[in-house]
Amino acid sequence: MKSIECAKKVVATFALTLVMLAVTGNGPVQANENSPACMVGKKYMELVQKADFASVADLFAPNAEFHAPTGAVFNGAAEIRNFYLNDASALTKLVVRPQDFVGNERDCYFEIWTRSSPNERGVYVLDPNGEFVRAAIDHFTIDDQGRIVRFVAHSSPNANMFE
């Protein structure tokens, strides 16, 4: 029951954010999957799919803030690089598929789906032979140089890439 309520909150937050992008000065009337911010998001996913985590870390600005799907918050390029070179690179079973990019000049939102199978508790964990399940909803904010300055990864309550 708790995971269903959490999932509802994540979906509601995502929907509200899309509305805010559309009606505020921070977003266009019609969101664009090929916006500058979403192009950075697509580059990020391309590098993750290749397991090129050193290059992933290079996408972040020196003063970036990263809210990882584990719940941890990393501040600055050095902490973020450490996460990608140690924690993310340890995900040897990671098979990802991004989809549903939407954004504007500065912000991009998209879903990350991973090949996963349910464990004994019913939580989907990485399995390269499993089915694709929605594992996270990500939000990037970029600066004038196209570097990520804020990244929040909302992990699905029913999936855990780091278990």
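Digging into the overall build of the chain
A tally of helices and strands in the chain yields four helices and eight strands. The buried share among the 163 residues of the chain stands at 40%. Long-range contacts, defined as pairs at least 24 residues apart, comprise 55% of the intrachain contacts of the chain with a sequence gap of at least 6. Total accessible area computed for the chain in this model is approximately 8600 Å², and 53% of it derives from carbon and sulfur atoms.

Section: the pairing of strand β4 (residues 107–118)
The buried fraction of β4 is high, at nine of twelve residues. Here six bridges tie strand β3 (residues 96–103) to β4, and the two strands are oriented antiparallel to one another. When the sheet's bridge partners are listed, P98 is paired in β4 with I112. Taken together, β3 and the strand that follows it, β4, pair antiparallel across an intervening segment of three residues. Here β4 pairs with strand β6 (residues 131–142) via ten bridges, running antiparallel. The partner of R115 across the bridge, within β6, is F132.

Considerations on the pattern of salt bridges
A full pass over the atoms with the stated rule returns ten salt bridges. The salt bridge partner of K43 is E46, with a shortest N-O separation of 3.4 Å. A residue pair is termed a helical-turn pair when its members lie 3 or 4 positions apart in one helix, as K43 and E46 do in helix α2 (residues 36–49) at three residues. We classify E46 as partly exposed; its relative accessible area is 33%. As a salt-bridge pair, R150 and E65 come within 3.8 Å of each other at their nearest N and O atoms. Taken together, the residues span a long stretch of sequence, with R150 in strand β7 (residues 148–155) and E65 in strand β1 (residues 60–67) at a distance of 85 residues. Residue E65 is classed as partly exposed on the basis of its relative accessible area of 25%. The network of salt bridges with shared partners includes K43, E46 and K50.

Rules used throughout
Residues numbered from 1 in each chain as written. Predicted model: local features only at pLDDT ≥ 70, side-chain atom pairs only at ≥ 80, totals over all residues. Heavy atoms only, no water. Helix = DSSP H or I, 4+ residues; strand = E, 2+ residues; numbered from the N terminus. Buried < 20%, exposed > 50% of the residue type's maximum accessible area, 1.4 Å probe, protein only. Contact = heavy atoms within 4.5 Å. Areas by Shrake-Rupley, 256 points an atom, 1.4 Å probe, with all protein chains shown as cover. Pairing = 2+ DSSP bridges. Salt bridge = Lys/Arg side-chain N within 4 Å of Asp/Glu carboxyl O.

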